There are 4 protein chains.
Amino acid sequence: MKNTFGNNVSVTIFGESHGNAIGVVIDGIAPGVEVDREYINKLLELRRPSGAISTARREGDEFVIESGVFEGKTTGTPICILIPNEDTRSKDYSATRWLARPSHADYTANCKYHGYEDYRGGGHFSGRITAALVAAGGIIIPALNKKGIKIGTHIKKCAGVCDRDFSENIYDEIDSLYDKKIAVLDDSVADRMTDAITQAKKEGNSVGGVLETVVVGVNAGVGEPWFDTVEGLLSHALFSIPAIKGVEFGAGFSLSDMYGSEANDAFAYENDRVITKTNNSGGINGGITNGMPIVFRCAVRPTPTLSIEQNTIDMSKKENAVLMSKGRHDPCIVHRARIVVDCITALTICDMMTGRYGTDWLNSL
Amino acid sequence: MKNTFGNNVSVTIFGESHGNAIGVVIDGIAPGVEVDREYINKLLELRRPSGAISTARREGDEFVIESGVFEGKTTGTPICILIPNEDTRSKDYSATRWLARPSHADYTANCKYHGYEDYRGGGHFSGRITAALVAAGGIIIPALNKKGIKIGTHIKKCAGVCDRDFSENIYDEIDSLYDKKIAVLDDSVADRMTDAITQAKKEGNSVGGVLETVVVGVNAGVGEPWFDTVEGLLSHALFSIPAIKGVEFGAGFSLSDMYGSEANDAFAYENDRVITKTNNSGGINGGITNGMPIVFRCAVRPTPTLSIEQNTIDMSKKENAVLMSKGRHDPCIVHRARIVVDCITALTICDMMTGRYGTDWLNSL
Amino acid sequence: MKNTFGNNVSVTIFGESHGNAIGVVIDGIAPGVEVDREYINKLLELRRPSGAISTARREGDEFVIESGVFEGKTTGTPICILIPNEDTRSKDYSATRWLARPSHADYTANCKYHGYEDYRGGGHFSGRITAALVAAGGIIIPALNKKGIKIGTHIKKCAGVCDRDFSENIYDEIDSLYDKKIAVLDDSVADRMTDAITQAKKEGNSVGGVLETVVVGVNAGVGEPWFDTVEGLLSHALFSIPAIKGVEFGAGFSLSDMYGSEANDAFAYENDRVITKTNNSGGINGGITNGMPIVFRCAVRPTPTLSIEQNTIDMSKKENAVLMSKGRHDPCIVHRARIVVDCITALTICDMMTGRYGTDWLNSL
Amino acid sequence: MKNTFGNNVSVTIFGESHGNAIGVVIDGIAPGVEVDREYINKLLELRRPSGAISTARREGDEFVIESGVFEGKTTGTPICILIPNEDTRSKDYSATRWLARPSHADYTANCKYHGYEDYRGGGHFSGRITAALVAAGGIIIPALNKKGIKIGTHIKKCAGVCDRDFSENIYDEIDSLYDKKIAVLDDSVADRMTDAITQAKKEGNSVGGVLETVVVGVNAGVGEPWFDTVEGLLSHALFSIPAIKGVEFGAGFSLSDMYGSEANDAFAYENDRVITKTNNSGGINGGITNGMPIVFRCAVRPTPTLSIEQNTIDMSKKENAVLMSKGRHDPCIVHRARIVVDCITALTICDMMTGRYGTDWLNSL
């Protein structure tokens, strides 16, 4: 379903980078969930470009809750959050209207929408739209927390710099990530990442990375064998985030080099609770949660917008051309994308749990 | 939607490994598509266990087309294909009913279905169910071929042995894969793979690998920016295949180590056609096809069933236990899974094209 | 979704009147629900043609449960029920292949399926397909009964003969309907209806009627204001039953002639329970159940197949023609359709409740 | 899907009567469709309360197109239209917060949303939300007109006063309806209807009626036999309109009193085109269009809000109570609902056609 995702809890997104506003309609949230505007702002701030390693575009992200919230709580009816666009320098784009930026969606949009697309700043393809998903996450994540479910994404690798893994202290580590602009577990790597990104920027270039996400607190028995596996639903949603080109669960691609005896996660009772000794399966067997942390990683490609001359085509003149981008842009979006991953994950988990346990689940005791 | 997948063309699957039958309902196929029973048999044969590197279970896969085909052609109404189960040694499983096989779905099924699941041979979680998807692919793939779309999956890596990449001669190479039990482009590696799998089997162990798929002939402009991206729809379907734990498109996870200048695919006109000089994007920009081959890879974990003692739990006695599996099983399913990947890909492509161009598309001129 | 209906509990149907078999896949039924083959047979018998007022076609309706039931109970995975076709006299139809039977789907099928449709006996449009829905109902209805929900449909009117209304004793009256071939509350009208139908048959003609359905035991607070109202979901499903051309809830069309003061249902507490003094709303306010019986009526048109000469077209010769039908057919299907209405209602109610209360609802305490 | 309707073209609605705003997201509209703000305004004006026979609430219905329209044309991406609320006298409602208005959704909302619902003015249940659907229709209807499809609804009956039927001159008659506040074909009845409504209002009472809709220009072969019949999809959507309690197609309930020989619509060639001599089937056979006008009627119940004392319950005190409504309200909404019926019909037709002929259909030659 094009711009709507979710079966029992869903989001519908709309908006273009340089249009009037972007926004989201969140449907199926249980009634009575507290809505904390400060928390939504906090998450939006984590996504917002800032500092030398982001685009110079200033996004205020002032949002308006148009519906679905009454006296500070969700009503159970659809919540529309609108985020007006600001500081849009649309003229930046008109000169290069017909030059298809390499690895951007200009060419494919033109094929699909026959030239009627709002081309300015990537239009509906812009990463800006993810702010709407973050606003949605700003309502869902605290509610999941109250249900004992926590979601955290750290930058496993960026610009060639690697973070350490989650430790035993995973609940606290997840919490700490929400206080960091550069979401790494080993704080000492943050500066090195920033430096590497800054260096790429100086060269007019860009870098990518890998985001690793954990979800703790989901009980065993959620998900479907076919086709709505936990992996399938999460990946379906995650691949919507511009720049994500790979998703792997548990040990992921490295499983392909293991023997079964290495890959298998032995079950055991530990304090009357079923656990697995290892978690190569990423908390999912046969598409269904097994009670261990859900673990996955997303490959984030380097931002396609560069300040370097690139060969491309002029779609209007139908001839080869050279592009020298002048728009503001990010040399890296890994550190910004992580909160989008958190929010899309929160939505998907909330959808699965609501389907499993009914429409009141998110606000039940 | 649980056991149904697809918006405009859909499959609904049913069945358990040791039940009466497995099967599939395919809905939304254009009327007038030729149904070639021999071709369906050919694809089923490619999935069927055979030889030393597969389970000893003999699956005849005699199928019955119960509906939707009249005088050798599709009617446009739902096609049900039933595949009765044969050679089921159910007693193999009763002794270990309550022992949760590591990295299998026994435990998660028990949590979800409260013990009512048909546990024999993995029940509805069995890879056997994929035969139904292959039967569906046996109708869709030849019809896509007539529309100029070809889909091919080769074993990029298995048991540590690697195949070469597709060459310029990709259309012929795809065709050749349908004539090979071990789908490799470099025939010299087939024996080495088989040997490595056989060796693992002798040790009671299992191995995994990576499957690489290409889809050629899909025009530019198909897919959605949110949420039904080509990547999102394909990964959603692919993760249903038991054992797949990672999906990456184009250069995938390796993009995370590239600079933007390396990762970007330069557009160019070549013989009045738009191409990209490289294909790191895997034929998809902004969730939409760009006319280049769609390329993705799936990580296939080693089969979890081993003939080695494993630690686990007894779900009935609620205590730790040791499992020594005696059922027939595969030391590797990479070579069998590839045709399932082809068929699930065919279904997803057919669904997207039918949504884009209307219900008659698959059989239009 | 074409041949699939339901969000959390769904059915997928397939088959043609003269094909190999018809059948249904039921997905989302909670695990552990008892499956009583005798009860399924009982419901199929209520739908089966019999006696002078039905087609002479003998439908054995021997069904096979292919999947999803293990040791007499549902597993929680999809249930496929197959009903092979018998006693198909396909040659009856070939002579009139291109004559579009008035008010049948021959012409519209030809427009949609371009002549590839299985035309024999109405193919996929045949009322025969509803046997598959009845088999599904044979599993769902007893399970709903255990949850305190009862569904009953009586023939409000047929061939101009009217039945009385439900009385206070509604639970028993519903039960009694399942023991009657002619489902009327006032047994004295059954013969008059049968006579009137028989008379129409003698004249080569056919008759219709009105079915009235009640659902008791659904608690208040189920359904959605938009778009999945109880009325909307039920009518969506009900209009699939061939011959149904109108659906009204509560006082329905007669509300259009009332004043608000007559139409409004006054709320009141009665034994600490909220009731309404009247039930003109049919148990639904704002799309959501209010705890009173859900009441609706379906208009059933007279069977379009007649043994009377009719003007029509030859779709092949593209000229006007005269049709004299010789196939076996029903002079009335009102008495057979009622059990289909019950079963489709059961499915829809089960779907709504499962969405509201979670996937285990149907088998929870 | 709760607040989203449509498979290939969909609307998602949000908002409460006394909240910040109401609105709609329209997804799947082909790119390049002209958006005429004046036309949207014209349709909103037809729905807006005005004069003595409507609520005194003044609804400006100033709308903002937040996304999806660029340079006056649709982009192909989601269109969000926001309509801020004005003139909301919320205090009107607080005094009667816990009194369940008879035949309103106050009680059912309370059961479903546990008291968290925005109760003011009916909240999300308010007919006010239909303004968002009308705004959507304001884009779709002119585009359908360009494709040769016209939709018109007249007041067949209101307050006991009947309009005449459509004549041969149906295309012009449809056009004329869009210029009338009281949509009747026989202008002489408009005053009589208005008088009857005014009389009911004086008595603190309300009246209902029947709306009849025709859709001309849809070719044969659109719709599905199961479950997405034209009747099923339209009724699903139509029952969302508050106050609609019955939907019938063609001759509808009166078919139940006809013989087959009277009810059947004889096919014939007329000027090389297939027509039916009568149209008792309402343009639909077997769930699929036959090329004749699609005809249906909706039963509209009298507005439940009255200025007459009514017995009800106090949901907070859990005791019986008496309600004397003082809020502004409509003595009749039949004349306002008709444009909502047109717009919801336009959406559903557009969805079906887009599914049948592909995503570019609405703007193709």
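Remember, it's a predicted structure, so these values are computed and weren't measured experimentally.

Peer 1: What should I look at first to understand the overall build of chain A in this one?
Peer 2: The helix and strand inventory of chain A stands at nine helices and 18 strands. A compact globule built from 365 residues should have a C-alpha radius of gyration of about 21 Å, and chain A, at 21 Å, falls within 12% of that. By principal-axis analysis of the C-alpha atoms, chain A measures approximately 70 × 50 × 40 Å. Buried residues in chain A amount to 71% of all 365 residues. Carbon together with sulfur atoms contributes 48% to the accessible area of chain A, which is approximately 11200 Å² in total.

Peer 1: I would appreciate a short explanation of the environment of S176 of chain A in the present structure.
Peer 2: All names here are of chain A. Secondary-structure assignment places S176 in helix 5 (residues 170–177). On the basis of relative accessibility, which here comes to 23%, the residue S176 falls in the partly exposed class. Spatially, the C-alpha atom of S176 lies 17 Å from that of G137, the residues being 39 residues apart in sequence. In terms of polar contacts, S176 uses its side chain to reach the backbone carbonyl oxygen of E173, at 2.7 Å.

Peer 1: Before we go on, may I ask you to explain the packing of aromatic side chains in this structure?
Peer 2: All names here are of chain A. In the structure shown here, the tally under the stated rule is 30 aromatic pairs over all chains. For the pair W226 and F227, a centre-to-centre distance of 6.3 Å together with 65° between the ring planes defines the contact as edge-to-face. For W226, a relative accessible area of 0% translates into the label buried. F227 sits in the buried class, given a relative accessible area of 0%.

Peer 1: How should the relation of the copies chain C and chain D be read in this particular structure?
Peer 2: Here chain C sits on chain D after a turn of 180° about the axis and a move of 0.0 Å along it, with an RMSD of 0.0 Å. Viewed as a symmetry operation, the transformation between the two copies matches a two-fold axis. The overlap is high: 100% of the interface residues of chain C also sit at the interface in chain D, so the same surface is used on both sides.

Peer 1: It is not clear to me how the side chain of H335 of chain B should be interpreted in this structure. Could you clarify?
Peer 2: Following the sequence through the fold, H335 of chain B ends up in helix 9 (residues 334–357). Using a relative accessible area of 7% as the deciding quantity, one classes H335 of chain B as buried.

Peer 1: Sorry, what's going on with the side chain of T4 of chain A here?
Peer 2: Within the secondary structure layout, T4 of chain A lies in strand 1 (residues 4–5). Within polar-contact distance, the side chain of T4 of chain A engages the side chain of T12 of chain A at 2.8 Å.

Peer 1: Teacher, can you tell me more about the interface of chain C and chain D here?
Peer 2: How big an interface is tends to be stated in terms of the accessible area lost upon association of its parts. Contacts between the two partners involve 100 residues from chain C and, on the opposite side, 100 residues from chain D. Across the chain C/chain D interface, buried area totals approximately 8000 Å², and carbon plus sulfur atoms make up 60% of it. Of all residues in chain C, W226, F227 and K245 of chain C bury the most surface against chain D, accounting for 13% of the area lost on that side. Counting the contacts that link chain C with chain D gives six salt bridges.

Peer 1: Teacher, can you tell me more about the packing of helix 1 (residues 37–47) of chain A against helix 9 (residues 334–357) of chain A here?
Peer 2: For any two helices packed against each other, one specifies the inter-axial angle together with the distance between the axes. Residue and element names in this part refer to chain A. It is at 7 Å that the axes of helix 1 and helix 9 come closest, and there the two elements cross at 140°. With respect to each other, helix 1 and helix 9 are oriented oblique. Contact residues: helix 1 offers L43, L46 and R47, while helix 9 offers H335, R336, R338, I339, V340 and C343.

Peer 1: Would you mind going over the interface of chain B and chain A with me for this structure?
Peer 2: On the chain A side, the residues contacting the 100 residues of chain B number 100 residues. The largest share of the area that chain B buries against chain A comes from W226, F227 and K245 of chain B, three residues that together contribute 13% of it. Inspection of the chain B/chain A interface yields six salt bridges. Residue E231 of chain B pairs with K245 of chain A through a salt bridge whose shortest N-O separation is 3.0 Å. Here chain B is connected to chain A by 49 residue pairs in polar contact (both at pLDDT 80 or more). Class assignment of the residues belonging to the side of chain B that touches chain A gives a composition of 46 nonpolar, 37 polar and 17 charged. In this sheet, strand 11 (residues 244–249) of chain B lies alongside strand 11 (residues 244–249) of chain A in antiparallel orientation, the contact comprising three bridges. Along strand 11 of chain B, the bridge assignment pairs G246 of chain A with E248 of chain B.

Peer 1: Help me out: how do you make sense of the confidence of the model for chain A in this one?
Peer 2: Note: predicted coordinates in regions of low pLDDT should not be interpreted at a detailed level. Summarising the model, chain A shows a mean pLDDT of 95, and 96% of its residues fall at 70 or more. Reported confidence for the predicted complex is 0.97 by ipTM and 0.97 by pTM.

Peer 1: How should the relation of the copies chain B and chain A be read in this particular structure?
Peer 2: The two chain copies are related to each other by a rotation about an axis together with a translation along it. Of the transformation superimposing chain B on chain A, the axial component is 0.0 Å and the angular component is 180°, with the fit at an RMSD of 0.0 Å. Counting the interface residues of chain B, we find that 100% of their copies in chain A are interface residues as well, pointing to one common contact surface.

Peer 1: Explain the pattern of salt bridges to me, please; I cannot follow it from the model alone.
Peer 2: In a structure, side chains of opposite charge can pair up when their charged atoms sit close to one another. In the structure shown here, the tally under the stated rule is 72 salt bridges over all chains. With its nearest N and O atoms 3.3 Å apart, the salt bridge here joins D360 of chain D to R356 of chain B. In this pair, D360 of chain D is assigned in the segment after helix 9 (334–357) and R356 of chain B in helix 9, connecting two distinct chains. According to the relative accessible area criterion, D360 of chain D is partly exposed, its value standing at 23%. Relative accessible area serves as the criterion here: at 6%, R356 of chain B is assigned to the buried category. Salt bridges here are not isolated pairs; linked through shared partners, they connect E45, R48 and K181 of chain A.

Peer 1: Where do I start with the sheet that holds strand 7 (residues 79–84) of chain A in this structure?
Peer 2: With antiparallel pairing, the five strands of this open sheet are ordered in space as 1-2-3-7-4 (chain A). Strands at the two margins of the open sheet, each flanked by one partner only, are strand 1 and strand 4 (64–65) of chain A.

Peer 1: I keep staring at helix 6 (residues 188–202) of chain C and nothing clicks. Help me out?
Peer 2: All names here are of chain C. The end-to-end C-alpha separation of helix 6 is 23 Å, in line with the 21 Å expected for 15 residues at 1.5 Å each. Elements that come into contact with the buried residues of helix 6 comprise strand 8 (150–158) and strand 9 (161–162). At the C-terminal side of helix 6, G204 shows a positive phi close to 70°.

Peer 1: Hey, could you run me through the pairing of strand 2 (residues 10–15) of chain C in this one?
Peer 2: Regular strands place side chains that alternate from one sheet face to the opposite one. All names here are of chain C. The buried fraction of strand 2 amounts to six of the six residues, a majority that puts the element mostly inside the structure. Of the two faces of strand 2, the one carrying S10, T12 and F14 and the one carrying V11, I13 and G15 are both buried. By the bridge criterion, two bridges tie strand 1 (residues 4–5) to strand 2 in an arrangement that is antiparallel. From the neighbouring strand, T4 faces strand 2, where its bridge partner is T12. Hairpin connection of strand 1 to strand 2: four residues between the antiparallel strands, including G6 at a positive phi of 115°. Relative to strand 3 (residues 21–27), strand 2 runs antiparallel, the two being bridged by six bridges. Each residue of the ladder has a partner; that of G15, found in strand 3, is I22. Here strand 2 hands over to strand 3 after five residues, the two strands then running antiparallel side by side.

Peer 1: When you look at the sheet that holds strand 2 (residues 10–15) of chain D in this model, what are you seeing that I'm missing?
Peer 2: Strand pairing in a sheet takes place through backbone hydrogen bonds and is either antiparallel or parallel in direction. Strand order across the open sheet formed by five strands is 1-2-3-7-4 (chain D), with antiparallel pairing between neighbours. Single-partner strands in this sheet number two, and they are strand 1 (4–5) and strand 4 (64–65) of chain D.

Peer 1: I would appreciate a short explanation of the packing of helix 7 (residues 230–238) of chain D against helix 9 of chain D in the present structure.
Peer 2: Residue and element names in this part refer to chain D. Here helix 7 crosses helix 9 at 140°, and the two axes come no closer than 10 Å. Taken together, helix 7 and helix 9 sit at an angle that is classed as oblique. Crossing of helix 7 over helix 9 shows right-handed handedness. Facing helix 7, whose interface residues are V230, L233, L234, A237 and L238, helix 9 presents V341, I344, T345, T348 and M352. When its residues are assigned to classes, the contact of helix 7 with helix 9 shows eight nonpolar, two polar and no charged.

Criteria and thresholds
Residues numbered from 1 in each chain as written. Chains lettered and ligands numbered in written order. Predicted model: local features only at pLDDT ≥ 70, side-chain atom pairs only at ≥ 80, totals over all residues. Heavy atoms only, no water. Helix = DSSP H or I, 4+ residues; strand = E, 2+ residues; numbered from the N terminus. Rg over C-alpha atoms; globule rule 2.2 N^0.38 Å. Buried < 20%, exposed > 50% of the residue type's maximum accessible area, 1.4 Å probe, protein only. Areas by Shrake-Rupley, 256 points an atom, 1.4 Å probe, with all protein chains shown as cover. Polar contact = N/O pair within 3.5 Å; in protein donor to acceptor, adjacent residues only side chain to side chain. Phe/Tyr/Trp six-rings, centres within 6.5 Å; stacked < 30°, edge-to-face > 60°. Least-squares fit on C-alpha atoms with pLDDT ≥ 70 in both. Contact = heavy atoms within 4.5 Å. Buried area = accessible area lost by both parts, 1.4 Å probe. Salt bridge = Lys/Arg side-chain N within 4 Å of Asp/Glu carboxyl O. Axes fitted to C-alpha atoms, helices over the stretch in contact; angles between N-to-C directions. Parallel < 35°, antiparallel > 145°, perpendicular 65-115°, else oblique. Nonpolar A, V, L, I, M, F, W, Y, C, P; charged D, E, K, R; others polar. Pairing = 2+ DSSP bridges. pLDDT = per-residue confidence, 0-100. Expected span 1.5 Å × (residues − 1). Left-handed = near helix turned anticlockwise from the far one by under 90°.

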